[in-house]
Amino acid sequence: MKPNQSLNQNTSFQLKALPPILSMAQLLQVYPVSRSCVYNQMHQGLFVQSIPLSQKRRAWLTEEVLSILNAKATGATDEQIRALVIQLRQNRSSKFNAG
């Protein structure tokens, strides 16, 4: 990232390069932690919940993942991240229940 380039500009670029939903393998390329770390953070409210694609496959919405990573990169506290996760969950519910 260039010195004067904001994280939001970089995130917008990443949205264009990534698919709208991420498999676990794709998620771990963007957020290089262990699978168990992702699930622990989901359980603690520090990461967005996955969505079921089938009985055995789950995925994450790219936009939500990048929002969480942006918050982490800018130094958000755990409480701020939990609030963001709640907001993202509410936004997701309103999008899918609106029609």
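Within each chain, residue numbers correspond to sequence positions counted from 1 in written order. A pLDDT threshold of at least 70 governs which residues receive local features in this predicted model, and a stricter bar of 80 or more applies before side-chain atom pairs are shown or counted, although totals over entire chains, interfaces and linings include all residues. Side-chain metrics rest on all non-hydrogen atoms present in the structure, leaving aside hydrogens and water.

Colleague: Explain the overall build of the protein chain here, please?
Modeller: Note on conventions: DSSP H or I runs of at least 4 residues are helices, E runs of at least 2 residues are strands, and numbering of each starts at the N terminus. If you tally the helices and strands in the protein chain, you get five helices and three strands. When its helices and strands are written in sequence order, the protein chain yields α-β-α-α-β-β-α-α. Within the span of the protein chain, comprising 99 residues, buried residues form 32% of the whole. For this analysis, residues touch if any pair of their heavy atoms sits within 4.5 Å. Taking contacts inside the protein chain between residues at least 6 apart in sequence as the whole, the part at least 24 apart equals 53%. Areas reported as accessible are Shrake-Rupley estimates using a 1.4 Å probe. Residue values count occlusion only from the protein chains shown. Of the roughly 6,700 Å² that the protein chain leaves accessible, carbon and sulfur atoms contribute 52%. Burial status follows relative accessibility: with a 1.4 Å probe on protein chains alone, a residue under 20% of its type maximum counts as buried, one over 50% as exposed, and anything between as partly exposed.

Colleague: What is the right way to read the packing of aromatic side chains from this model?
Modeller: The description of an aromatic ring pair uses the distance of the two centres, along with the angle that the planes make with each other. In this analysis, rings of Phe, Tyr and Trp, with Trp reduced to its six-membered ring, are considered paired at centre separations within 6.5 Å, and the interplanar angle assigns stacked below 30 degrees, edge-to-face beyond 60, and tilted for intermediate values. Counting across every chain of the model gives two aromatic pairs. Residues Tyr31 and Phe47 carry aromatic rings whose centres are separated by 5.3 Å and whose planes lie at 5° to one another, so their mutual orientation is stacked. Taken together, the positions of Tyr31 in the loop between helix H2 (24-30) and helix H3 (35-43) and Phe47 in the loop between H3 and strand E2 (51-52) put the pair 16 residues apart, joining distant regions of the chain. For the pair formed by Tyr31 and Phe47, the shared burial category is buried. When the centroid spacing of 6.4 Å and the interplanar angle of 55° are considered together, the rings of Tyr39 and Trp60 count as tilted. Taken together, the residues span a long stretch of sequence, with Tyr39 in helix H3 and Trp60 in strand E3 (residues 58-61) at a distance of 21 residues.

Colleague: Can you help me understand the nonpolar core in this one?
Modeller: Generally speaking, nonpolar side chains in soluble globular proteins are found buried as a group. Only buried Ala, Val, Leu, Ile, Met, Phe, Trp, Tyr and Cys residues count toward a nonpolar core, and they belong to the same one when joined by side-chain atoms within 4.5 Å. Grouped together as the largest cluster of nonpolar side chains are 19 residues, with contacts concentrated most on Leu27, Val38, Phe47, Val48, Trp60, Val65 and Ile68. At the level of secondary structure, the elements contributing two or more residues to this core comprise H2, H3, helix H4 (62-73) and helix H5 (78-97).

Colleague: How do you make sense of H4 when you look at a structure like this?
Modeller: Residues lying three or four places apart along an α-helix face the same way, a consequence of the helix completing one turn every 3.6 residues. Given a helix with a known number of residues, its expected span is that number minus one, times 1.5 Å. Taking 1.5 Å per residue, 12 residues should reach 16 Å; H4 reaches 16 Å between its end C-alpha atoms and fits that length. When we look at burial in H4, the residues that qualify are Thr62, Glu64, Val65, Leu66, Ile68, Leu69, Asn70 and Ala71.

Colleague: Help me understand the side chain of Arg92, please; the structure alone is not making it clear to me.
Modeller: Here Arg92 is to be found in helix H5. When its relative accessible area of 15% is taken as the criterion, Arg92 is described as buried. Sequence-distant contacts of Arg92, defined by excluding residues within four places in its chain, comprise Val48, Gln49, Ser50, Ile51, Leu61 and Glu64.

Colleague: Explain H3 here, please?
Modeller: The set of residues buried in H3 consists of Val38, Gln41 and Met42. Buried residues of H3, viewed axially, fall in a sector of 105°; they line one side. Packing partners of the buried residues in H3 comprise H2, E3 and H4. Looking one or two places after H3, you find Gly45, whose phi comes out positive at around 80°. Directions pointing from the helix axis toward each C-beta atom define the arc.

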